[in-house]
Amino acid sequence: MLTCLHSFLRLFSRDEKGVTAIEYGLIAAIISLALITGAKIAGPALQTMFTNIGNTLNENQPTTTP
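Thresholds applied
Throughout, residues of each chain are indexed from 1 in the direction in which the sequence is written. It should be noted that, the model being predicted, local features are given only for residues of pLDDT at least 70 and side-chain atom pairs only at 80 or more, the latter also being counted only at that level, while totals for whole chains, interfaces and linings use all residues. With hydrogens and water excluded, all non-hydrogen atoms of the structure serve as input to the side-chain values. A run of DSSP states H or I qualifies as a helix once it reaches four residues; a run of E qualifies as a strand once it reaches two. Both are numbered from the N-terminal end. We call a residue buried when its accessible area falls under 20% of the maximum for its residue type, exposed when it is over 50%, and partly exposed in between, using a 1.4 Å probe and counting protein chains only. A 1.4 Å probe and the Shrake-Rupley method give the accessible areas. Residues count as covered only by the protein chains that appear here. Put simply, a patch holds well-exposed residues, over 30% relative accessible area, that have no salt bridge, with like charges counted together within 9 Å and Val, Leu, Ile, Met, Phe, Trp or Tyr side chains within 5 Å. Salt-bridge detection follows one rule: a side-chain nitrogen of Lys or Arg within 4 Å of a carboxyl oxygen of Asp or Glu.

**So, the overall build of the chain**
Reasoning step 1: Counting its secondary structure elements, the chain contains 2 helices and 0 strands.
Reasoning step 2: In the chain, which comprises 66 residues, the share counted as buried stands at 0%.
Reasoning step 3: Surface accessibility of the chain: about 6400 Å² in total, with carbon and sulfur atoms responsible for 70%.

**Some details on a nonpolar patch on the surface**
Reasoning step 1: Together, L46, M49, F50, I53 and L57 make up an exposed nonpolar region whose accessible area comes to about 500 Å².
Reasoning step 2: Mapped onto the elements of the fold, I53 is located in helix α2 (residues 17–59).
Reasoning step 3: Note on I53: relative accessible area 41%, which makes it partly exposed.

Below you can see the structure in the form of structure tokens.
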């Protein structure tokens, strides 16, 4: 019984397929977290900037007289 457990643990420690999948998962999670954080930080600033651009364009439209 102990020999089988020892063999299993030795084979399990050499198998790197699961480790690679976990690494890719962690990388994807970190990138997602960075994108979400960046969007939360930049979102209000971008909204203000585009609102100001829209207001400036509306104010500077030529008036038409009938």
